[in-house]
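One letter stands for each residue in the lines below.
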Amino acid sequence: MLADFINIVLSGVALGMLLFLITGGLSVVMGLMGFANMAHGSFAMLGGYICAALVNDLAWPFLLALPAAAVATAAVGAVLERLIFCRLYQIAELEQVLLTVGLVFMSVAMANYVFGSVPVTVPLPHFLSGAAEFAFFDLAIYQLFLIGFGGVLIAAMVLGIQRTNFGAKIRAAVDNRRMTTSCGVNVDRLFMLAFALGTGLAGLGGALSVNLLGLDPVFPLRYLVLMLLVVVVGGLGSVHGTLIAALLLGVGDVVGKYYVHEAGAFFIYAIPVVVLLIRPIGLFGRR
Amino acid sequence: MTVVQTSSVADREASWLGRLGMIEILFWVAMAAGGFLLPEHLVLLSQILIAGLFALSLDLLLGYAGIASLGHAAFFGIGAYAAGLLAKAGVSEPLTGLVLSAALAGAADLLCSLIVARLSGIAMLTVTLGIAMLLYELMNRASDFSGGDNGLQGVAMSPLLGLFPFDFYGHTGFWYCFVVTLAGYCGLRRLVRSPFGLALAAIRENVRRVPALGIPVRRRVMTAFTISAVIAGAAGALLTDTTQFVALEVLSFDRSAAALIMVIFGGAGTLIGSLLGAATYLVARDELAAINPTYWYFWLGLMLVGVVLFGRGGLMGWIDNLWRMFRKGRGGGE
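Treat the numbers as computed from the prediction; the structure is a model and nothing was measured. (Residues numbered from 1 in each chain as written. Chains lettered and ligands numbered in written order. Predicted model: local features only at pLDDT ≥ 70, side-chain atom pairs only at ≥ 80, totals over all residues.)

Asker: Looking at this structure, how should I read the overall build of chain A?
Answerer: Along its length, chain A carries 12 helices and 2 strands. The secondary structure elements of chain A, listed N-terminal to C-terminal, are α-α-α-α-β-β-α-α-α-α-α-α-α-α. Relative to a compact globule of 287 residues, whose C-alpha radius of gyration would be 19 Å, chain A shows 19 Å and is just as compact. Overall, the C-alpha framework of chain A stretches about 60 × 45 × 35 Å when taken along its three principal axes. Looking at chain A as a whole, 48% of its 287 residues qualify as buried. Expressed as a percentage of contacts within chain A between residues at least 6 apart in sequence, the contacts between residues at least 24 apart total 77%. (Helix = DSSP H or I, 4+ residues; strand = E, 2+ residues; numbered from the N terminus. Rg over C-alpha atoms; globule rule 2.2 N^0.38 Å. Buried ≥ 20, exposed ≤ 12 C-beta atoms within 10 Å, placed from the backbone. Contact = placed C-beta atoms within 7 Å.)

The structure is reproduced here in C-alpha cells:
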C-alpha cells in the first residue's frame, strides 16, 4: 500500500521532471518575448526522433545519443528562430498562436512523411532498465535515473538563471525589455540563445521521454495542451513556477489516473482550471 | 476618439450594406440553388452550413467582441451530444432537441464564462482550450454514457416537426440546415447592429474606455459568450440530427482550430465571411484529403500560416479592396 503510493508519487515526479524539461524553455520564451510558441513540442519530437535514429540506426550508446539530440535540436531551434520565429514577435497573440499551431500541424505531417506513423521506441541500456529492490519495494531504475538526471539539470538551470551573467540578463529582459536594451544588452541575440537553449532542453526532454510518453508524429499535438497548461499554471516567465506546475501536474496526473482509473486525463485538465480560477495569472505570475 | 470610432462604425455599416449586401444575397441564393441543382453534393452542402453556423458563433466572439477562444468546439460538442442523448432518451423530434441542446450549451457556457470572462490573452486561450479538452476526455472516458471513442450510436431521429422524415439522399437534412443556419445568420446580423453589438465592438476597440460609457464589460462579455454558445450548440445539434451519429471528434481541438481558420480566412467581423470561409475550407479539405488523407495536416497547417501571414481582412477584405479599385478605375466617387 505504502510501497504502491511511493512508487506512484515517484512516477509522477519523473513525469513532472520531463514536463519541466520540455516546457522550461517555452516559459522563458513566453515570458521574455511574450511569444506564444505552440510549436515548442515539435522540438521535443525532433529530439526524440534524433535520439531514436542515433541509437537504432547508428547503434550509438543511449547516454551519448541524449546530448547529441539536445545539441542538434538546439541548432535547429537557433536556425529556425532567425528564419521564422523572430518575425513573429510583433504580431498579435492570437495570430502567434494560430501561426505556430499551423507549424505544429505541418511538423506532424512532415514527421509522418520522414519517420512513418508507427510509434518509435528506443532500447534502454541494461543498467537503466529493470527495477531496483529496496527494503520493501521495487523502483523502476529508469524513473530514478530520470529524477536524478532531471534534478541535476534543474539545479543547473536554476543556478544558471540566478547566478550567471547570462541568467541575470534574461531576468532583466523579462522584467523590462527596453531598459535592458538601453543598458547595452543585445536582447535579440540574448533571445536567440535563450530560444536555442529552450529548444535544446525540449529536445533532451523529448529524447528522455521516448519510452515514457511514446513517440509518434502526433506527439506535439497530443502534448500541446499539456505544455501550455504547465506554462500558464506556473506563471509566464517564472522558471521555478514552471517547475512547481510541472511537478504538480505530473504527480496529479499519475496519482489521479491510479486511484480514479476512470478519470483518465481528467485531473491534468481540472487542476489548471481550478488554479487559474483562483489565480488568473498563474501560481508565480507577475503583473 | 469616441466620435471618430462611432463614425467609423457608421461607415462600416454603410459600406457593408452597400457592397457586401450583394455578397450575402449571392451566397444564400447559391446555397438554395445548390440544394436543387446538386443533389449528389447535399451532404457536403449541409456540412458547409453546419460548419458555417459554428463559425458564425465564433465570429460573434472573435470579430465583434475581440475575444479569442481556442476551445469553442466544447459548446458545439455539448450541443451534438445533448441532441444525440435526448434522441436516445425519447425526445427524437429534431427541432425540439435542437432548442433544448442549444439551451444546454448556453447554460454550460454561462457557467464557464464565470471563469473565462475574468481572464485575457494567453490565459484565456489556455483555459478555453483546457475546458474543451476536459470535456473531450470526459466523453472519451464515460463510454457507457457517450460511446467513448466509438461515438454515440443508435441515434434515431423522428421526422422533422412530425412531417418530414430524414431521407437517404439528405434532402430534408439540407433544407433543415439551410433554414436553421439562415435563421441564425439573420439573428446575428440583427444582433451586431443593435446597441449590444456596438457595445461589443467598443469592448474590442478599447476595453478601458467602455466602462466610462456606462457599459458593464463583464456582463456584456458573458452575454456574448452565452449567445455564441447557444448558436454553437445549435450547430452541433444540427450535425447530430443530419448524421444520426455523434463522433468524439465534435469536441476535438481540430474542430476549434478549423472554426478559427474559417472565421479568419473569411474575414473576422463580417459574419458572411465566416460562411464563405466554411465553404472554402470544407471544399479544400474534400479535395486535399482526396489526394492524400495522411498529409492533410500539412495543408491544414499551411492554410493556418497563410491565413495569418497574408490574410489581413480575409476574403471579405480582399473583395472590399477589389471593389474599391474597381470604383476608382471607373472614376466613380464615394
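Asker: Just checking my understanding: could you explain the overall build of chain B for this structure?
Answerer: Looking only at helices and strands, chain B features 13 helices and 0 strands. Helices and strands in chain B line up, N terminus first, as α-α-α-α-α-α-α-α-α-α-α-α-α. When burial is assessed residue by residue, chain B has 49% of its 334 residues classed as buried. Excluding contacts between residues fewer than 6 apart, the proportion of contacts in chain B whose partners are at least 24 apart in sequence is 78%.

Asker: I would appreciate a short explanation of the nonpolar core in the present structure.
Answerer: Nonpolar side chains tend to gather and get buried jointly when the protein is soluble and globular. In terms of nonpolar packing, the biggest core is built from 201 residues, with Ile261(B) and Leu304(B) touching the most fellow members. Residue contributions to this core peak at 16 residues, all from helix α2 (residues 42-65) of chain B. With sequence-adjacent residues up to four places away left out, Leu304(B) is seen in contact with Leu98(A), Leu99(A), Val101(A), Gly102(A), Phe105(A) and Ile261(B). (Core = buried A, V, L, I, M, F, W, Y, C linked by C-beta atoms within 7 Å.)

Asker: What is the right way to look at the interface of chain B and chain A in this model?
Answerer: Often the size quoted for an interface is simply the accessible area lost on bringing the parts together. The partner chain A presents 34 residues to the 32 residues of chain B that form the contact. For the side of chain B that touches chain A, the secondary-structure elements that each account for two or more residues are α5 (121-141), α10 (253-266) and α12 (296-310) of chain B. Ranked by residues supplied to the side of chain B that touches chain A, first place goes to α5(B) with 15 residues. Class assignment of the residues belonging to the side of chain B that touches chain A gives a composition of 23 nonpolar, 6 polar and 3 charged. (Nonpolar A, V, L, I, M, F, W, Y, C, P; charged D, E, K, R; others polar.)

Asker: How do you make sense of helix α6 (residues 165-175) of chain A when you look at a structure like this?
Answerer: Three or more residues of α6(A) are buried, namely Ile170(A), Ala173(A) and Val174(A). Summarising the axial view, the buried residues of α6(A) lie within an arc of 100°, below the 170-degree limit, and thus occupy one face. (Arc of directions from axis to C-beta.)

Asker: Explanation requested: the packing of helix α5 (residues 141-163) of chain A against α6(A) in the structure shown.
Answerer: For any two helices packed against each other, one specifies the inter-axial angle together with the distance between the axes. Residue and element names in this part refer to chain A. For the pair α5 and α6, interaxial distance at closest approach is 5 Å and the crossing angle is 75°. On the basis of their axis angle, the class for α5 and α6 is roughly perpendicular. Each of Gly 160, Ile 161, Gln 162 and Arg 163 in α5 lies in contact with α6, whose residues at this interface are Phe 166, Gly 167, Ile 170 and Arg 171. Of the residues that constitute the contact of α5 with α6, the class distribution is 3 nonpolar, 3 polar and 2 charged. (Axes fitted to C-alpha atoms, helices over the stretch in contact; angles between N-to-C directions. Parallel < 35°, antiparallel > 145°, perpendicular 65-115°, else oblique.)

Asker: Explanation requested: the environment of Leu276(A) in the structure shown.
Answerer: As for its placement among the helices and strands, Leu276(A) is situated in helix α12 (residues 266-278). Considering only alpha carbons, one finds Leu276(A) and Val233(A), 43 residues apart in sequence, at a separation of 6.8 Å. Those residues within four positions of Leu276(A) in sequence are excluded, and the remaining contacts are Val232(A), Leu119(B), Ala123(B) and Val127(B).

Asker: So what exactly am I meant to see when it comes to the confidence of the model for chain B here?
Answerer: As a note on interpretation, predicted positions should not be read in detail where pLDDT is low. All names here are of chain B. Per-residue confidence for chain B averages 79 on the pLDDT scale, and 88% of its residues sit at or above 70. Of all secondary-structure elements in chain B, the lowest mean pLDDT belongs to helix α1 (residues 2-37), at 64, while α2 reaches the highest, 88. With pLDDT under 50 throughout, residues 1-8 is counted as low confidence; its partners more than four residues away or in other chains account for 1 contact. (pLDDT = per-residue confidence, 0-100.)

Asker: Help me understand α5(A), please; the structure alone is not making it clear to me.
Answerer: Every α-helix carries 3.6 residues per turn, so stepping three or four residues along brings you back to the same face. Given a rise of 1.5 Å per residue, 23 residues ought to cover 33 Å, and the 32 Å separating the end C-alpha atoms of α5(A) matches this to within 8%. Of all the positions in α5(A), only Gln143(A), Leu146(A), Gly150(A) and Met157(A) are classed as buried. (Expected span 1.5 Å × (residues − 1).)

Asker: How should I be thinking about unusual backbone geometry in this particular structure?
Answerer: Residues other than glycine predominantly adopt negative phi, and peptide bonds predominantly adopt the trans conformation. Positive phi, close to 55°, is recorded for Ala59(A), a residue that is not glycine. Among the secondary structure elements, Ala59(A) is positioned in the loop between α2 (40-57) and α3 (62-83). Positive phi, close to 60°, is recorded for Leu271(B), a residue that is not glycine. Position of Leu271(B) among the secondary structure elements: in the loop between α10 and α11 (272-291). Since 25 C-beta atoms lie within 10 Å of it, Leu271(B) is described here as buried.

Asker: Got a minute to help me understand the packing of α2(A) against helix α8 (residues 187-213) of chain A in this structure?
Answerer: All names here are of chain A. At a closest axis distance of 6 Å, the pairing of α2 and α8 adopts a crossing angle of 55°. Looking at the two axes, α2 sits oblique to α8. For the pair α2 and α8, the sense of crossing is right-handed. When α2 is examined against α8, the residues His 40, Phe 43, Ala 44, Met 45, Leu 46, Gly 47, Gly 48, Cys 51 and Ala 52 are found in contact with a partner set consisting of Thr 199, Ala 202, Gly 203, Leu 204, Gly 205, Gly 206, Ala 207, Ser 209 and Val 210. (Left-handed = near helix turned anticlockwise from the far one by under 90°.)

Asker: Explanation requested: the environment of Asn165(A) in the structure shown.
Answerer: Mapped onto the secondary structure, Asn165(A) falls in helix α6. Sequence-wise, Asn165(A) and Leu66(A) are 99 residues apart; in three dimensions their C-alpha atoms are separated by 27 Å.

Asker: Sorry if this is basic, but what is going on with the environment of Thr240(B) here?
Answerer: As for its placement among the helices and strands, Thr240(B) is situated in helix α9 (residues 217-243). C-beta crowding within 10 Å serves as the criterion here: with 29 such atoms nearby, Thr240(B) is assigned to the buried category.

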